[in-house]
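# Tertiary structure, described
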Amino acid sequence: MAEDDGEDIVLSELDDDDLVQQMHDDLYDGLKDEIEEGVNILLGRGWTPYEVLTKALVEGMRIVGIDFRDGILFVPEVLMAANAMKAGMFILRPLLIETGAPRVGKMVIGTVKGDIHDIGKNLVSMMMEGAGFEVIDIGINNPVENYLAAIEEHQPDILGMSALLTTTMPYMKVVIDTLKEKGLRDDYIVLVGGAPLNEAFAENVGADAYCRDAAVAVETAKQLIAERRRSNSEAAGQ
Ligand code: B12
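Residues numbered from 1 in each chain as written. Predicted model: local features only at pLDDT ≥ 70, side-chain atom pairs only at ≥ 80, totals over all residues. Heavy atoms only, no water.

The name recorded for the protein chain in an unreviewed UniProt entry is Methylmalonyl-CoA mutase C-terminal domain-containing protein, from Thalassobaculum litoreum DSM 18839. Of the comments in the UniProt record for the protein chain, the one headed Sequence similarities (unreviewed entry) reads "Belongs to the methylamine corrinoid protein family." (UniProt positions renumbered as here; feature names shortened; annotations may be inferred.)

Below, the structure is given as structure tokens:
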């Protein structure tokens, strides 16, 4: 995006604001090494992993998304940006997770059939792990059978589904309806997310909640698990 005037930019010499700005440009240009370097510099300056994630990476990806939508960027460029973003997330992941918190619950998460977007899902996984959840990530392009196999094997508290396409989001209903048919729906808290979704959609497909971002996902997960445990113990006490 931003043209430099031929001179090499030394990232470590930029102040925080300029560095974050430069990282948005570097993410846009799919410069993986520069993103890794920028992440490390900000961490070295005392930024929290969460701040680096949201202000440098997620915000940069938001800008990429706008130009993709407007036909200024195309799939190959967005893939490069996504790779750079993932490289940054790779550095942050262990730092976000290293809370030593006791496991507060378990989640199985995956992107639905036909959909290969996974950055948002990965972010949710990281933030949930950081909040003390055990997360089993079953990846992308999951047919209903994969969700069923994973919940049977791992017995999670939460099933999370991600979709970024208007053509794939209806598949969430297929999964939830299958759970209902098998009498399993009430055994799990079902959370759904992805840019094209909203609360009305979540209600419509029979999910427990829609979460607009990873931070909301953590809060919602904690709240719904607490509610569920409370009502289970009340039921047991009666
Ligand atoms: C990166 C990207 C790609 C990359 C994906 C790389 C990857 N590994 O993920 C590539 C280049 C492969 C790609 C391909 C395509 N893409 Co694309 N892509 C995007 C883009 C620019 C960014 C998505 C992203 O990563 N956002 C950043 C993350 C952090 O945000 P997020 O995903 O929304 O996740 C957050 C929340 O939604 C929520 N959340 C997400 N999942 C979940 C799950 C749970 C359980 C919870 C609780 C919360 C939650 O929390 C997350 C973190 O805060 C979006 C634009 C956009 N604005 O979304 C288009 C976009 C989604 N893509 C689009 C399209 C059309 C496509 C293609 C069809 C293009 C093509 N012609 O081939 C293909 C489809 C491939 C497929 N079958 O899936 C359209 C969809 C339009 C529509 N109405 O359906 C969009 C909206 C762009 C646009 N405006 O045109 N894409």
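Right, picking up where we left off after that structure.
## Section: the site of the ligand
Around the ligand sit 34 residues, and of these Ile-116, His-117, Asp-118, Ser-162 and Thr-166 come closest. Ser-162 is positioned with one of its side-chain polar atoms (N or O) 2.7 Å from a nitrogen atom of the ligand. With respect to the detected pockets, the ligand is housed in the largest pocket. Sorting elements by how many residues they give to the shell around the ligand places helix α4 (residues 75–97) first, with 5 residues. Of the residues assigned to the shell around the ligand, the class counts are 19 nonpolar, 9 polar and 6 charged. Formed jointly, the shell around the ligand draws a minimum of three residues from each of two domains, domain 1 (2–99) and domain 2 (106–237). (Near = heavy atom within 4 Å. Polar contact = N/O pair within 3.5 Å; in protein donor to acceptor, adjacent residues only side chain to side chain. 1 Å grid on protein atoms, 1.4 Å probe; cavity = no way out; pocket = protein on both sides within 12 Å on 5 of 7 lines; lining within 4 Å. Sits in = over half its atoms within 2 Å of the grid points. Helix = DSSP H or I, 4+ residues; strand = E, 2+ residues; numbered from the N terminus. Nonpolar A, V, L, I, M, F, W, Y, C, P; charged D, E, K, R; others polar. Domains from an automatic or database assignment.)

## Re the nonpolar core
Ranked by internal contacts, the top residues of the largest apolar core, which has 48 residues, are Leu-53, Met-128, Ile-158 and Leu-191. Discounting chain neighbours no more than four positions away, the residues touching Leu-53 are Val-58, Met-89, Leu-92, Leu-96, Leu-123, Met-126 and Met-127. Counting 26 residues, the second largest nonpolar core, distinct from the first, contains Leu-148, Val-175, Phe-201 and Ala-202. (Core = buried A, V, L, I, M, F, W, Y, C linked by side-chain atoms within 4.5 Å. Buried < 20%, exposed > 50% of the residue type's maximum accessible area, 1.4 Å probe, protein only. Contact = heavy atoms within 4.5 Å.)

## Brief notes about helix α9 (residues 214–237)
Every α-helix carries 3.6 residues per turn, so stepping three or four residues along brings you back to the same face. With 24 residues, α9 ought to run about 34 Å at 1.5 Å a step, and its terminal C-alpha atoms sit 34 Å apart, in line with that. Within the sequence span of α9, burial applies to Ala-214, Ala-217, Val-218, Thr-220, Ala-221, Leu-224 and Ile-225. Two or three places before Val-216, at the opening of α9, Asp-213 has a side-chain oxygen 2.8 Å from that residue's backbone nitrogen. (Expected span 1.5 Å × (residues − 1).)

## Things to note about the sheet that holds strand β3 (residues 158–162)
Pairing in this open sheet of 5 strands is parallel, and the strands run β2-β1-β3-β4-β5 from one edge to the other. Both outer strands of the open sheet, β2 (133–137) and β5 (209–210), are each paired with one neighbouring strand and no more. Here strand β1 (residues 105–111) pairs with β2 via 5 bridges, running parallel. Within β2, the position partnered with Gly-105 by the bridge is Phe-133. Helix-sheet contacts for helix α7 (residues 171–181) involve β3 and β4 (189–193), and the interaxial angle to β3 is about 155°. (Pairing = 2+ DSSP bridges. Axes fitted to C-alpha atoms, helices over the stretch in contact; angles between N-to-C directions.)

## With respect to the layout of surface pockets
Volume-wise, the largest pocket comes out at about 1500 Å³. If you go around the largest pocket, you meet 48 residues; those closest to its centre are Met-61, Ile-119, Gly-120, Leu-164 and Ala-195. Elements that contribute at least two residues to the lining of the largest pocket include exactly α3 (49–69), α4, β1, α5 (119–130), β3, β4 and α9. Looking at the lining of the largest pocket element by element, the count peaks at 10 residues for α3. Among the residues making up the lining of the largest pocket, the classes are represented as 31 nonpolar, 10 polar and 7 charged. Per-domain counts for the lining of the largest pocket show at least three residues from each of domain 1 (2–99) and domain 2 (106–237). (Points joined across faces, edges and corners; volume = space filled by probe spheres on them.)

## Considering the coordination of the cobalt atom of the ligand
For the cobalt atom of the ligand, the protein supplies a single donor, His-117 (NE2), at a distance of 2.3 Å. Of note, His-117 is situated in the loop between β1 and α5. (Donors = N, O, S within 2.8 Å, 3.2 Å for Na, K, Ca; no water.)

## Some details on unusual backbone geometry
The phi torsion at Asn-141 lies on the positive side, around 55°, for a residue other than glycine. Structurally, Asn-141 can be placed in the loop between β2 and α6 (144–154). You can call Asn-141 partly exposed: its relative accessible area is 40%. Positive phi outside glycine occurs at Gln-155, with the angle close to 45°. Within the fold, Gln-155 resides in the loop between α6 and β3.

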